[in-house]
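Survey of secondary and tertiary structure
Listed here are the chains, written in short residue letters.
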Number of protein chains: 2
Amino acid sequence: MENIKAYVQENKDRFINELIELLKIPSVSADTAYSQDVIDTSEAVKLSLEKAGCDFVEICETDGYPIVYGQKMIDPALPTILVYGHYDVQPADPIELWTSPPFEPVIKTTDIHPEGAIFARGACDDKGQMYMHVKAFEYMIQNNNLPCNVKFMIEGEEEVGSVNLKTFVENNTEKLKNDVILISDTGMISNQQPSITTGLRGLSYVEVEVTGPNRDLHSGLYGGAVANPINILAKMISSLHDENNHITIPGFYDNVEELSLEERAEMAKAPFSLEKYKNALKLNDVYGEKGYTTNERNSIRPTLDVNGIWGGYIGEGAKTVIASQAFAKISMRLVPNQDWEVITELFTKHFMSIAPAGVTVKVKPHHGGQGYVTPIDSIGYQAANMAYTETFGTPAIPVRSGGSIPIVALFEKELKSKTILMGFGLDSDAIHSPNEHFGIFNYLKGIETIPLFYKYFVELSKK
Amino acid sequence: MENIKAYVQENKDRFINELIELLKIPSVSADTAYSQDVIDTSEAVKLSLEKAGCDFVEICETDGYPIVYGQKMIDPALPTILVYGHYDVQPADPIELWTSPPFEPVIKTTDIHPEGAIFARGACDDKGQMYMHVKAFEYMIQNNNLPCNVKFMIEGEEEVGSVNLKTFVENNTEKLKNDVILISDTGMISNQQPSITTGLRGLSYVEVEVTGPNRDLHSGLYGGAVANPINILAKMISSLHDENNHITIPGFYDNVEELSLEERAEMAKAPFSLEKYKNALKLNDVYGEKGYTTNERNSIRPTLDVNGIWGGYIGEGAKTVIASQAFAKISMRLVPNQDWEVITELFTKHFMSIAPAGVTVKVKPHHGGQGYVTPIDSIGYQAANMAYTETFGTPAIPVRSGGSIPIVALFEKELKSKTILMGFGLDSDAIHSPNEHFGIFNYLKGIETIPLFYKYFVELSKK
């Protein structure tokens, strides 16, 4: 595979333009207004897999958005790699904070990306990282050096909880049979220091509704005499953390895996500057659970965050109203061994129990997923590390991520194989935020590194 | 004035028809689409005052809608009563909830109004109550028993904050000179039990902004490691009340007038059913400051309510984001002696002080107004009470309202005279709501009671 560098250089512009075309389709799975765009994107992905060299590609319908499945089987005796990715993206709002329209991709340079980065919703998460695999596969086909079988499973509901992927995987274990699952939907430490994500947090996402009076009331005539749903919701949310920022839900920490001091010391070796971290976010200070470092708080510790809140009059000027209802979207990041369904039940039970008389409370579970840890002594991990070492000139560091890819735990349960998370994004890529971008360097480096994973994985498998 | 009853009976139909004509003009001051109608209404009011017997009436232009001024000076040595009211009305929407068109007045009977009520926007607030004064004045002119001087100041911007009235009053203190101000823009307990509003609450309205990271963040990658502005806002709002629902802002209660047990016992005599109150709002229980009854909580006690809150993702579905900012609109209802500007400062100082490291907080004052209380031993109050007692056969009960009429405090400051709030409306009249109406009984009873106020006020003034 010595000519991979050359191939990437020759086709660089085309690789970038193809990705830009894909980014132009606003495949926002959370908003039904974009449903046709999501469908169109699945068609575009199908086409790209066919062009790249799959000998079989199909659009698999689900109760939600379709899953694009493609494969290239060269020899049943050889190992099979299953590539997973997603073609749907997060909503773009707050739209006014984008410096260029989220679905009109442009290349701009930044301090971290002097050679330019593609700015668009989904540039990194996950269209860009998913498409690296399509182009790496194209290279191996074009150069007759695909060393094993490959299967692609690209879904369109990852940003809304992969609600229908579970059923699809359960019903297609034979079709999806593989020796290792390869995903690029995470990040690495920096463009100088690659890392491999060895742990993911689980997730429980709920929506709560607090109802007081049966109609909006005049705050002068009723203020102080009835429970104000917004004040009550604030009180209830506030009570979910104690003064040390521990979560107060009874039983919440019961199964939390406590790392040994050795493991925590190992983690602490990853290069990290608290000053740079604060400056990057323009924060005067960090904030979190007492007794843990910033990197521990966002990786090995469970959290509870309000992702959205609304109620009452939020227009221009002033309106003296007591709203009849107030709402919040709340998500909890979980660590390995915390079962998301159990946690969702504990949250619901507790949240209902702290509702004062004068209001009624509803909790609607949205979705969730289990956490995941992968051992670093597996063939897959070693192959990934060898690939990074060759292209970056330095070994990758194992890192626990705070993010969640709920389906990873599902894959292991249903398909009995380990997942390798080869991420090429950076924390500064602003995924889920305005001005999401993906470095040209990272995009091309990914295309260059992936074939090496195939090569080393097959070699190590033979031993 | 023994013939007032008879006069009202003889002219009853005309009184009703004249009001109906006035109600047909959609004088919605909040909507510029009706600006000509608002102007037309001021002309109609001017004409009605001339017809009723004013010897001088003028339309006073302002930067907004005009103020109609009229007067009848019979003897500078006699007391002067200034009547204030407004000819503009609230918007009619939601129009679909009206059982008859808001500007096509019809008379319908209800359980509370077996003799019929006029259904139309402004029927009670305030065209109906304002016009009672015009007709009461007409009676006194026709029967040569007007006992004092009278001045009318009828504005057209009350429903949009009386923005230009302040300047008008400040610039015309001589012209508006009076011994007592009489307003019918409030309600009474019931048609069997008259009441006089002796207190209004002040208001301080602010908007707060909590900023954490400089951009929205992925709640997985950053959750638990940075201050979440929504969680922090909830925590800060929650801390503004203690476990007894007392407001925790230092100095907030310093000037709060504490009523004596006698005064509270007097208040408690007002007929009130907690069950009916809860059922009307479909509440399983009331909620408020410990140690006070529902009627005390919404009248003699200051309150703090969030009128609106927003932040993060509030669209369909789920988004795992930590918002960069969270916002809330917060208003405090104040009681007499609490200065709204001082309270706004105390709130701002305290709210900034409780912001934890990791966020920055801004407080933007919106507007406010002073509370008002009228002593029940004043000549004006006694005269009003004597008038009610004579026409209703039972004394009026003094009642503190939770609402605010900022101009009343302005009148006292600029014109150095007390305001008497002689309301004839009922809570069930649905002012500011669909199907606003005003009882025929209430309308005629008001016309019958007002001249007696003039009579007793002049008599008591002589002593």
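Everything numeric here is computed off the predicted structure, so don't read it as measured data.

All right, on to the interface of chain B and chain A then. Opposite the 77 residues of chain B that make contact, chain A presents 92 residues. A combined buried area of about 6600 Å² lies between chain B and chain A, and 53% of that area is made up of carbon and sulfur atoms. Considering only the surface of chain B that becomes buried against chain A, Tyr287, Ile309 and Lys319 of chain B emerge as the three largest contributors, covering 11% of it. At the boundary of chain B and chain A, one finds zero salt bridges. Here the side of chain B that touches chain A gets 10 residues from one element, more than from any other, and that element is strand S11 (residues 303-312) of chain B.

This part is about the packing of helix H1 (residues 4-23) of chain B against helix H13 (residues 440-462) of chain B. Residues and elements named next belong to chain B. Two elements in contact, H1 and H13, have axes separated by 10 Å at closest approach and are oriented at 130°. Considering the angle they form, H1 stands oblique to H13. H13 is crossed by H1, and the crossing has right-handed handedness. In contact with Ile4, Lys5, Val8, Lys12, Phe15, Ile16 and Leu19 of H1, H13 contributes Ile440, Tyr443, Leu444, Ile447, Glu448 and Pro451. Among the residues making up the contact of H1 with H13, the classes are represented as 10 nonpolar, no polar and three charged.

All names here are of chain A. Strand order in the open sheet made by the three strands is S4-S5-S18, with antiparallel pairing throughout. The sheet is open, and its two borders are formed by strand S4 (106-108) and strand S18 (437-439), each paired with just one other strand. Along the sheet, successive strands turn relative to each other by an average axial angle of 30°, direction set aside. In terms of strand pairing, strand S5 (residues 117-119) meets S18 through three bridges, oriented antiparallel.

Let us look at the domain arrangement of chain A. All names here are of chain A. Split by domain assignment, chain A resolves into domain 1 (4-200 + 371-461) and domain 2 (203-256 + 302-369). When each unit is reduced to the centre of its C-alpha atoms, the spacing between domain 1 and domain 2 is 35 Å. Taken together, the contact pairs 11 residues of domain 1 with six residues of domain 2. Together domain 1 and domain 2 conceal approximately 640 Å² of surface at their shared face, both sides included; 57% is due to carbon and sulfur atoms. Its largest share of buried area at the contact with domain 2, domain 1 owes to Gly371, Ser404 and Pro406, together 51% of the area lost on that side. In this assembly, domain 1 and domain 2 are joined by zero salt bridges. Counting across the interface, domain 1 meets domain 2 through one residue pair in polar contact (both at pLDDT 80 or more). The residue makeup of the side of domain 1 that touches domain 2, split by class, is five nonpolar, five polar and one charged.

As a further point, take unusual backbone geometry. Residues and elements named next belong to chain A. Omega for the bond connecting Asp93 with Pro94 falls within 30 degrees of zero, at 0°, which places this linkage in the cis form. The topology assignment puts Pro94 in the loop between strand S3 (80-86) and S4. For the peptide bond that leads from Asp125 to Asp126, omega is -5°, which places it in the cis range. Within the secondary structure layout, Asp126 lies in the loop between S5 and helix H3 (127-142). Here the phi dihedral of Lys282 falls at roughly 55°; this positive angle occurs in a residue that is not glycine.

Glancing now at the packing of helix H1 (residues 4-23) of chain A against H3 of chain A. Residue and element names in this part refer to chain A. Closest axis-to-axis distance for the H1/H3 pair is 10 Å, and the angle between their directions is 140°. Between H1 and H3, the interaxial angle falls into the category oblique. Handedness of the H1/H3 crossing: right-handed. Judged by residue contacts, Ile4, Tyr7, Arg14, Phe15, Glu18, Leu19, Leu22 and Leu23 of H1 engage Lys127, Gly128, Met130, Tyr131, Lys135, Glu138, Tyr139 and Gln142 from H3.

How each quantity is defined
Every chain's residues receive numbers from 1 upward, in the order its sequence appears when written. Each chain gets a letter, beginning with A, and each ligand a number, beginning with 1, in the order they are written. pLDDT decides what is reported in this predicted model: residues at 70 or higher carry local features, side-chain atom pairs at 80 or more are listed and counted, and totals for whole chains, interfaces and linings draw on all residues regardless. In computing side-chain values, all of the structure's heavy atoms are included and hydrogens and water are not. In this description, contact between two residues means that some pair of their heavy atoms is separated by no more than 4.5 Å. Values labelled buried area give the accessible surface lost by two parts on being combined, using a 1.4 Å probe and summing over both. The term salt bridge refers to a pairing of a side-chain nitrogen on Lys or Arg with a carboxyl oxygen on Asp or Glu at a separation within 4 Å. A run of H or I in DSSP counts as a helix once it spans at least four residues, and a run of E counts as a strand once it spans at least two, with each numbered from the N terminus. Every angle, taken between N-to-C directions, lies between 0 and 180 degrees, and every axis is a line fitted to C-alpha atoms, over only the stretch in contact when it is a helix. Angles are sorted into four bins: roughly parallel if under 35 degrees, roughly antiparallel if over 145, roughly perpendicular if 65 to 115, and oblique for all others. For any helix crossing, the convention is left-handed if the near helix is rotated counterclockwise from the far helix by under a right angle, and right-handed if that rotation is clockwise. Residue classes follow a fixed rule: Ala, Val, Leu, Ile, Met, Phe, Trp, Tyr, Cys and Pro count as nonpolar, while Asp, Glu, Lys and Arg count as charged, and any other residue, Gly among them, counts as polar. The pairing criterion for strands is at least two bridges between them, as found by DSSP. Each domain's extent was defined by an automatic or database domain assignment. Two N or O atoms count as a polar contact when they lie within 3.5 Å, although within protein this holds only if one can serve as hydrogen donor and the other as acceptor, and sequence-adjacent residues are included solely when both atoms are side-chain atoms.

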